[in-house]
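Here's the letter readout for the chains.
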Amino acid sequence: MKTAYDIIRRPVITEQSMADTENKKYVFEVAKDATKIDIAKAVEEVFGVKVVKVNTLRVTGKLKRTGRYPAGRRPSWKKAIVTLSDDSKSIEFFEGMA
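What you see is a predicted model, and the numbers here were worked out from it, not measured in a lab.

Rules of the game
- Residues numbered from 1 in each chain as written.
- Predicted model: local features only at pLDDT ≥ 70, side-chain atom pairs only at ≥ 80, totals over all residues.
- Heavy atoms only, no water.
- Salt bridge = Lys/Arg side-chain N within 4 Å of Asp/Glu carboxyl O.
- Helix = DSSP H or I, 4+ residues; strand = E, 2+ residues; numbered from the N terminus.
- Buried < 20%, exposed > 50% of the residue type's maximum accessible area, 1.4 Å probe, protein only.
- Expected span 1.5 Å × (residues − 1).
- Arc of directions from axis to C-beta.
- Contact = heavy atoms within 4.5 Å.

**A look at the pattern of salt bridges**
Here's step 1: Per the stated rule, a full pass over the model turns up 2 salt bridges.
Here's step 2: A salt bridge links Lys2 to Asp33; the shortest N-O distance between them is 3.1 Å. Of this pair, Lys2 sits in the segment before α1 (4-7) while Asp33 sits in the loop between β2 (25-30) and α3 (36-47), placing them 31 residues apart in sequence.
Here's step 3: Since its relative accessible area comes to 55%, Asp33 is described here as exposed.

**A look at α3**
Here's step 1: Between its terminal C-alpha atoms α3 stretches 16 Å, which fits the 16 Å expected from 12 residues at 1.5 Å a residue.
Here's step 2: Taken residue by residue, α3 has Ile39, Ala40, Ala42 and Val43 as its buried positions. The buried residues of α3 occupy an angular sector of 165 degrees when the element is viewed end-on, so they sit on one face. Opposite the buried face of α3, by more than 90 degrees, sit the exposed residues Ile37, Lys41 and Glu45.
Here's step 3: Taken together, the buried residues of α3 touch α1, β1 (8-11), β2, β3 (51-59) and β6 (77-84).
Here's step 4: Where α3 ends, the next residue or the one after it, Gly48, has phi of about 65 degrees, a positive value.

Below, the structure is given as structure tokens:
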């Protein structure tokens, strides 16, 4: 049984994800085997907010040079874009970032 902290790995902090916080959309790196329902429940439990929608996508790892050896690859991961309801409070972790 996975806990909410096992499902949500870390927030993704980029220029585009910070711009979406105005529309109450937050981006997280999540466990590869997590479903949309698992992600929504985990975000509601950890941050105390109301989730309306969850979009997920698999991000493939980039190829990286390793000198004279064959090219290596960064690990693949899963990204979740979580949309909060209009009457829900915002997530405090992202407040000072934008």
